[in-house]
Amino acid sequence: MNIPENDHFYSFTEEVFPIPKGLLFGGIIYQGSEYIEAANQYFDALDSLGLIETTVPNYKYRHLQVETDGRPADKHWDTDEHILGLFV
């Protein structure tokens, strides 16, 4: 999208990358490292449903956190809180 100079409309967003069609994305959020096994069981349940992990191009998506290899980004905080990313 190219927005020409205009006194009535402006945007701070310079690039927009659409999320790939058919992508289910999100994350498993938990507190406490003892719950990592439960998170992994959830991923296994998705696999058993026939959902297949995928990657996406490493663009600056607005709602996706992507690692340089195209996999979903995981996050971990010092307070033993975790988010494991999901792209299927």
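Below is a summary of the structure that appears in this document. If you're wondering where the values come from, they're calculated on a predicted model, not measured in any experiment. (Residues numbered from 1 in each chain as written. Predicted model: local features only at pLDDT ≥ 70, side-chain atom pairs only at ≥ 80, totals over all residues. Heavy atoms only, no water.)

## Some words on the packing of aromatic side chains
Here a ring pair, both rings aromatic, is described through the centre-centre distance and the interplanar angle of the planes. Per the stated rule, a full pass over the model turns up two aromatic pairs. On the numbers, 4.7 Å between centres and 20° between planes, the contact of Phe17 with Tyr59 is stacked. Pair noted here: Phe17 is in the segment before β1 (25-31) and Tyr59 is in the loop between α1 (36-48) and β2 (75-77), with a separation of 42 residues, a long-range link. You can call Phe17 partly exposed: its relative accessible area is 24%. These aromatic residues form a ring-pair network of at least three members: Phe17, Tyr59 and Tyr61. (Phe/Tyr/Trp six-rings, centres within 6.5 Å; stacked < 30°, edge-to-face > 60°. Helix = DSSP H or I, 4+ residues; strand = E, 2+ residues; numbered from the N terminus. Buried < 20%, exposed > 50% of the residue type's maximum accessible area, 1.4 Å probe, protein only.)

## Details of the sheet that holds β2
With antiparallel pairing, three strands are arranged side by side in an open sheet as β1-β3-β2. The open sheet has two edge strands with one neighbour each: β1 and β2. Sheet twist, expressed as the average angle between the axes of neighbouring strands with direction ignored, equals 10°. Sheet analysis places β1 next to strand β3 (residues 81-87), joined by seven bridges and oriented antiparallel. (Pairing = 2+ DSSP bridges. Axes fitted to C-alpha atoms, helices over the stretch in contact; angles between N-to-C directions.)

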